[in-house]
Every structure is written in structure tokens, then in C-alpha cells.
Amino acid sequence: MQPDISIVVPLFNEEESLPELVAWIDRVCTENKFSYEVILIDDGSKDNSWDVIKNLSGDYPGIKGIKFQRNYGKSPALHEGFKAASGNVVITMDADLQDSPDEIPELYRMVMEDGYDLVSGWKKVRYDNAITKNLPSKLYNGVNRWVSGIKLHDMNCGLKAYKRKVIKSIEVYGEMHRFIPVLAKHAGFNRIGEKVVQHRPRKYGVSKFGWERFINGFLDLMSIQFVSRFGKKPMHLFGTLGSFTFLIGFILVAWIVIDKLRLGVDYGVTNKPTFYISLTMMILGTLCFFTGFIAELVVRNAVDRNVYLTEEKIGL
Ligand code: UDP
Ligand code: MG
């Protein structure tokens, strides 16, 4: 039997929060007559989180747990949680009680009735440190919107709801949990919605992410955009860039040669900055071009080179 909702919760050292979180989820789901499962992924906690999860699974039938051997990170935890999830709607939530389970019914409704593939929470009023989190986050989300074209205010919000097929179609690797909407969009899911959600101060424990998230996040966004556009045809990028650079270098050289022919012995080719610029550009252009070939070889040998998501089939 598939439950209505799978709630996927990645956690790292959150022993104090778990009983309260699970009791709250259970209360909300019971009141709204949802069948549910909660998948708690213990991402290598060093406190007693796993024992707490084991006890909770005795108290509530819908509790499932996965324990990692060590701390891999939030993305791998979500990845395993998504693999295990079987609900029609899958909701992710942080374990630290900063996200409110009271949002579950409306998120569920938006996916099931309004037909969204993905609904992302928006912590419009935020209870985190203003200098290290809230301000950089605003800036960062602006860049995200601009680069990815997805108009979300709070891309990295831990509280999100998905149609099951969305999470089964994407692979959350590395630290890509910050960009699940981008992954979903690239997999062809365009109905991405947003819901203003309550945010609460952290009651127990400490935050696991600091300012370095913004640097790593930006680099990840660049990679994700690159892989989705050129991942299967890298030569189109490197070849174009390389040829273009080489061509400019070549034109500059031609110009120097013509000048030399025109002006004769008085013209010192190696005295001109243009000479060095053109030389550099031709070398860089060639290198870039050959990088494209190497990238093509890598892609040819990749295991997923012919994985295309099909939505429907007839007669097959
Ligand atoms: N988390 C995790 N593995 C990690 C770091 C964090 O599973 O390596 C979990 C953490 O326990 C929490 C969620 O990811 O449930 C969000 O982390 P946190 O609350 O520290 O982030 P913040 O709210 O400060 O952005
Ligand atoms: Mg938090």
C-alpha cells in the first residue's frame, strides 16, 4: 500500500528535536487523515539520534530509518531517502524543527489539486543570523534566479513537496540539494510553485552549514548549468570557444603580417603587444578545442550516456 505522503528527513546530530518532530508530524497527518511514512536518514550522527529513531519506530508504525556509516552530507541523505520513498507526494523537511509540519496539508493539496510538480517553501520571515545567513541568502537567491531562470525566492529551503515521479527522476549528488528545483527543471518538470512557510528559530543543537555554502553553492550552480546544457555534447561549448579564440588570434597575426609586408624592414613584429596577444589566443584556442575532444571521449564512455526520461509509452 502506497501512503499518501512520504516525509523525508535528513538529520545529523538532532537527537533532541526528533521526538517532538515525529509527534508533531503524526498529529498533523492523523488530523488530516493522511496515511504517511516518515523516512529518517541518520547522516552519521555522533549523538544518540539513531537510538532515538529506533525507539520512535516502536511507538509509531510509519517511522522508517536509514543509518549512514559516516557523515556523507545532506544530498546523499536525501538521495537515499528519495530511493526509499513510496508516497504519492514526497515532502522533505529539516529535522531541527525550523520547518513546521503544519505546512504539510497545504503542500499536499498544492501538489495533488493544483498540479504542481514541485512546491518550494519560502521562509519570508526568517529566524537565522542576519549577517551570516539572511543577507547573503537574498543575494545568492537573486543570482540563482538570474542564472537558472527559476523564479523562486528561497531555492535552498529544506521544506519542499514533490510528485513522486519528480524525485524518482533526479539524482541529488554532491551538494546539489541546494538546487533540486534546477535539477527538476532540467528533467522536464516545469510546474514549480512556491509557498510562504513559517520558519522558527532553532530550538536545539547547532546549524551545520556556514558561510562557505555560498561559495560552494555558486560553483555547484555553474556546474549544474554546464552539465545540463553541454553534458552530452561538450564539444559544442569547447569547440565554439576554442575556434572563436583561435580565429581572433589568427586575424591579429594576419594583420601583423600585412603590416610587415606593407612597411618592410622597419616593422618589428615582436615589438608589438598584438603579436603576443595573438600568439596566446591561438594557443589557448587550440587547447580549448582539444579539451572538447577529450570531454567527448569522457562522455562517450559514461555509463548514463543514453538515459532519457520517458513520460509515457504506447504499445511497448
Ligand atoms: N544535515 C544532514 N547532514 C549534514 C548536515 C546537515 O543531514 O551533513 C541535516 C540537518 O540535521 C538538518 C538539515 O540537514 O536536518 C538542515 O541543516 P541545518 O539546520 O544545520 O541547516 P540550516 O537550517 O542552518 O541552513
Ligand atoms: Mg536548520
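Up top you'll find the structure we're talking about.
Let me sum up the structure you'll find in this document. Keep in mind that this is a model prediction, so the values were computed, not measured.

**Some words on the overall build of the chain**
Working step 1: Scanning the chain from N- to C-terminus turns up ten helices and seven strands.
Working step 2: Here the C-alpha atoms of the chain give a radius of gyration of 26 Å, more than 25% beyond the 20 Å that 2.2 N^0.38 yields for 316 residues.
Working step 3: Residue pairs at least 24 apart in sequence account for 82% of intrachain contacts in the chain once pairs closer than 6 positions are excluded.
Working step 4: Charged side chains of the chain number 40 positive and 36 negative; the gap between the two group centres comes to 7 Å.

**Focus: the sheet that holds strand β4 (residues 89–92)**
The pairing of strands in a sheet happens through backbone hydrogen bonds and is either parallel or antiparallel.
Working step 1: With mixed pairing, the seven strands of this open sheet are ordered in space as β3-β2-β1-β4-β6-β5-β7. Single-partner strands in this sheet number two, and they are β3 (63–67) and β7 (192–196). Shown here is a sheet whose adjacent strand axes are inclined to one another by a mean of 20°, direction ignored.
Working step 2: By the bridge criterion, three bridges tie strand β5 (residues 118–122) to strand β6 (residues 160–163) in an arrangement that is antiparallel. Across the sheet, residue Leu118 finds its bridge partner in β6, namely Tyr162.
Working step 3: Set on the sheet, helix α1 (residues 18–31) makes contact with β1 (5–11), β2 (36–42) and β3; between it and β2 the angle comes to about 165°.

**Some remarks on the coordination of the magnesium ion (ligand 2)**
Working step 1: Summarising the metal site, the magnesium ion (ligand 2) is bound by the protein donors Asp96 (OD) and Gln98 (OE1), whose distances to it range over 1.9 to 2.0 Å.
Working step 2: Gln98 sits in the buried class, given a relative accessible area of 9%.

**Some words on helix α9 (residues 234–263)**
Working step 1: Helix length check: α9, at 30 residues, gives a terminal C-alpha distance of 43 Å against a target of 44 Å (1.5 Å per residue), a fit within 8%.
Working step 2: All of the buried residues in α9 are Pro234, Met235, Phe238, Gly239, Gly242, Thr245, Gly249, Leu252, Ile256 and Asp259.
Working step 3: On its buried face, α9 is in contact with α8 (212–230) and α10 (273–301).
Working step 4: At the exit of α9 stands Gly264, carrying a positive phi of roughly 70°.

**Quick look at the site of ligand 1**
Working step 1: Surrounding ligand 1, one finds 18 residues, the nearest of these being Asp43, Asp96, Lys133, Ser207 and Lys208.
Working step 2: At 2.4 Å, a side-chain N or O of Lys133 approaches an oxygen atom of ligand 1.
Working step 3: Between Ser207 and ligand 1, the recorded distance is 2.6 Å, taken from a side-chain N or O atom to an oxygen atom.
Working step 4: For ligand 1, whose accessible area on its own is 530 Å², the fraction buried by protein is 94%.

What counts and what doesn't
- Per chain, residue numbering runs from 1 following the sequence as it is written.
- Written order determines the labels here, with chains lettered from A and ligands numbered from 1.
- Reporting of local features is limited, given that this is a predicted model, to residues whose pLDDT is at least 70; pairs of side-chain atoms are given and counted only at 80 or more, and all residues count toward the totals for whole chains, interfaces and linings.
- To obtain the side-chain values, all non-hydrogen atoms of the structure were used and water was disregarded.
- Numbering of helices and strands runs from the N terminus, with a helix taken as a DSSP run of H or I at least four residues long and a strand as a DSSP run of E at least two residues long.
- Our radius of gyration looks at C-alpha atoms and nothing else; its globule reference is 2.2 Å times the residue count to the power 0.38.
- What makes two residues a contact is simply this: any of their non-hydrogen atoms within 4.5 Å.
- Two residue types count as positive, namely Lys and Arg, and two as negative, namely Asp and Glu; His and chain ends fall outside the count.
- Here the site of a charge means NZ on Lys, CZ on Arg, CG on Asp, or CD on Glu.
- Strands pair, by our definition, only if DSSP identifies at least two bridges between them.
- Fitted lines through C-alpha atoms give the axes, limited to the stretch in contact for helices. The angle between two N-to-C directions lies from 0 to 180 degrees.
- Donor atoms (N, O, S) are those found within 2.8 Å of the metal centre, with the cutoff raised to 3.2 Å for Na, K and Ca; water is not part of the atom list, so apparent gaps in a site can occur.
- Only protein chains enter the accessibility calculation, which uses a 1.4 Å probe; a residue whose area is less than 20% of its type maximum is buried, one above 50% is exposed, and one in between is partly exposed.
- For a helix, the expected span equals 1.5 Å multiplied by the number of residues minus one.
- Any residue with at least one heavy atom within 4 Å of a molecule or strand is counted as near it.
- For the purposes of these results, a polar contact is taken to be a pair of N or O atoms within 3.5 Å, where, inside protein, one atom must be able to donate a hydrogen and its partner to accept one; residues adjacent in sequence count only when each atom of the pair is a side-chain atom.
- Per-residue and other accessible areas follow the Shrake-Rupley method at a 1.4 Å probe size, with only the shown protein chains counted as cover for residues.

The analysis is restricted to geometry; functional conclusions fall outside its scope.
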